[in-house]
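# Coordinate inspection notes
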Amino acid sequence: MGKKIFVTQPSLPALEDFIPYLQKIWDSKWLTNNGEFHREFERRLAEYLGVKYVSLFTNGMIALQVGLQALRITGEVITTPFTFVATTHAIHWNNCKPVFCDIEPETFTMDPDKVEALITPQTTALMPVHVYGNPCDHEKLQKIADTYGLKLFYDAAHVFGVRKDGVSVCNWGDLSMLSFHATKVFNTFEGGALVTDDENMKKRIDFLKNFGFADEVTVVAPGSNGKMDEFRAAYGLLQLQIVDGEIAKRQKVAEFYREALKDVPGITMLYDLPGVRHNYAYFPILVDAEKYGITRDALYEKFKASGIMTRRYFYPLCSDFPTYRGLPSATAKNLPVATRVAQEILCLPMYADLTEEDLGKIIQFVAGKK
Ligand SMILES: *Cc1c(COP(=O)(O)O)cnc(C)c1O
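Analysis parameters
Residues numbered from 1 in each chain as written. Predicted model: local features only at pLDDT ≥ 70, side-chain atom pairs only at ≥ 80, totals over all residues. Heavy atoms only, no water. Helix = DSSP H or I, 4+ residues; strand = E, 2+ residues; numbered from the N terminus. Expected span 1.5 Å × (residues − 1). Buried < 20%, exposed > 50% of the residue type's maximum accessible area, 1.4 Å probe, protein only. Arc of directions from axis to C-beta. Contact = heavy atoms within 4.5 Å. Axes fitted to C-alpha atoms, helices over the stretch in contact; angles between N-to-C directions. Parallel < 35°, antiparallel > 145°, perpendicular 65-115°, else oblique. Left-handed = near helix turned anticlockwise from the far one by under 90°. Nonpolar A, V, L, I, M, F, W, Y, C, P; charged D, E, K, R; others polar. Polar contact = N/O pair within 3.5 Å; in protein donor to acceptor, adjacent residues only side chain to side chain. Near = heavy atom within 4 Å. Areas by Shrake-Rupley, 256 points an atom, 1.4 Å probe, with all protein chains shown as cover. Pairing = 2+ DSSP bridges. Salt bridge = Lys/Arg side-chain N within 4 Å of Asp/Glu carboxyl O.

Now for helix α11 (residues 356-368). Taking 1.5 Å as the rise per residue, α11 with 13 residues should run 18 Å; its terminal C-alpha atoms sit 17 Å apart, in good agreement. When α11 is considered as a whole, its buried residues turn out to be Asp-358, Leu-359, Ile-362, Ile-363, Phe-365 and Val-366. One side of α11 holds all its buried residues, which, seen down the axis, span an arc of 155°. Away from its buried face by more than 90 degrees, α11 exposes Glu-356 and Glu-357. Close packing links the buried residues of α11 with α7 (230-261), β12 (267-269), α8 (289-292) and α9 (296-305).

Structure representation (structure tokens):
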């Protein structure tokens, strides 16, 4: 077996470019708690994304938990089962009940036409996910939120740098959460952020991520510790300089895949949506076992046996995990599209430095069913 091909690989800035930043941290001995790099990174990130306020976090999960606290979400939250477990877990950790809504067959995002039937007197919020960087149908979701007086909190972990009609999708809704985990398009090793256009909300989030401290002696809420440190904020500043180049390289990989796989029977791909600047975070395909000849799982196992790592992402659905599968909304009958997609989905290797040689191997494999 040759060298392994991983499903993802982070992009790092040049190490020598990081050294001067480290020197500054060592000189100042200011390691965390809103230091110079933290403030600069928040400012630059807001500029880059084209949003009003950014609050940095130590990871995306805590940002989700704090975001729900900041919005004072209680009762039931309508969300999607086709996401990473963090979305559902954050709702659970806030003592709220996730209510699963089915997804759209084209974009795999929460289907707005199925939301209203799930609203009860206990519903307080919608928590959709821009899955694989596909923006949700924001207009419809916002209209529902406005009509029923619900908060709209986007899990935007997949949409770093994604714009619709020139505007960052992180401007949508009441809050958006970003993740800078190592596997994402933009990484700070671990990290995350909340995005808001409301100055008071930004302030409240910043209290909550620092134990609830409003000043030295005033604790205004039972906060958590979600702060990002100076090391990662400095690294994030360097990442900002390379991210557009990395997205451009990812786009080339996506175009290569799309061209090479377009005539393979039983394989469906996602394409760019009109007016959207994508970030090519993932390259998901659907495997129709009948038309393709073998099942998704068989293809996955064959890939694995030859050292090519793919990922059944998202499978199982969040609604199938033990904590959530007893919920009334967790049935396959309520979630027909999500159930089918979870059975057929496979994410192929996708990262900026994927070589043409490796791409060739992967494509051979899918097209030749070897
Ligand atoms: C990665 C991810 C998260 C969690 O982010 P972390 O930074 O790893 O805590 C949440 N939601 C989705 C959809 C993700 O992909």
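Continuing now.
All right, on to the packing of helix α3 (residues 60-70) against helix α4 (residues 85-93) then. At a minimum axis distance of 9 Å, the contact between α3 and α4 shows a crossing angle of 40°. The angle between α3 and α4 falls in the class oblique. Along this stretch, α3 crosses α4, giving a crossing that reads as right-handed. Contact residues: Met-61, Leu-64, Gln-65 and Leu-68 in α3; Ala-86, Thr-87, His-89, Ala-90, Ile-91 and Trp-93 in α4. Considering only residue class, the contact of α3 with α4 consists of seven nonpolar, three polar and no charged.

Let us now look at the side chain of Gln-239. Assignment of secondary structure puts Gln-239 in helix α7. Given a relative accessible area of 1%, Gln-239 falls into the buried group. In this structure the side chain of Gln-239 is engaged in a polar contact, spanning 2.9 Å, whose partner is the side chain of Tyr-235. When sequence neighbours within four positions are dropped, the list of residues in contact with Gln-239 reads Ser-11, Leu-12, Pro-13, Phe-186 and Asn-187.

This brings us to the site of the ligand. Close contacts around the ligand come from 16 residues, with Gly-60, Asp-155, His-158, Ser-179 and Lys-184 the closest. Within the backbone of Met-61, an N or O atom sits 2.9 Å from an oxygen atom of the ligand. Asp-155 has a polar side-chain atom sitting 2.7 Å from a nitrogen atom of the ligand. Considering the ligand on its own, with 380 Å² of exposed area, one finds that the protein chains cover 93% of that surface. Every element with two or more residues in the shell around the ligand is listed here: α3, α4 and β8 (175-179).

Moving on, we get to the sheet that holds strand β13 (residues 276-277). Strand order in the open sheet formed by three strands is β7-β6-β13, and the pairing between neighbours is antiparallel. Pairing within the sheet leaves two strands with one partner each, and these edge strands are β7 (167-168) and β13. Both strand β6 (residues 163-164) and β7 contribute to a ladder of two bridges, which runs antiparallel. Within β7, the position partnered with Arg-163 by the bridge is Ser-168.

Our focus in this paragraph is the pattern of salt bridges. On inspection of all chains with the given rule, the structure shows 20 salt bridges. Asp-206 is the salt-bridge partner of Lys-209, the closest N and O atoms lying 3.7 Å from each other. Here Lys-209 falls in the buried class, since its relative accessible area comes to 5%. Notably, a salt bridge pairs Arg-340 with Glu-344, separated by 3.3 Å at the nearest N-O pair. In this pair, Arg-340 and Glu-344 are both assigned in helix α10 (residues 336-344), four residues apart and thus about one turn of the helix distant. Arg-340 gets classed as partly exposed once you look at its relative accessible area, which sits at 36%. Classification of Glu-344 as buried rests on a relative accessible area of 15%. Each of the salt bridges in this network shares a partner with another, and the network as a whole consists of Glu-42, Lys-202, Asp-206 and Lys-209.

The next point concerns the packing of helix α1 (residues 15-28) against α7. Taken N-terminus to C-terminus, the directions of α1 and α7 make an angle of 150°; their axes are 10 Å apart at the nearest point. By the angle class used here, α1 and α7 are roughly antiparallel. Judged by the sense of rotation from one axis to the other, the crossing of α1 with α7 is right-handed. Of the residues in α7, those in contact with Asp-17, Phe-18, Tyr-21, Leu-22 and Ile-25 of α1 are Glu-230, Phe-231, Ala-234, Tyr-235, Leu-237, Leu-238 and Gln-241. Classifying every residue of the contact of α1 with α7 gives nine nonpolar, one polar and two charged.

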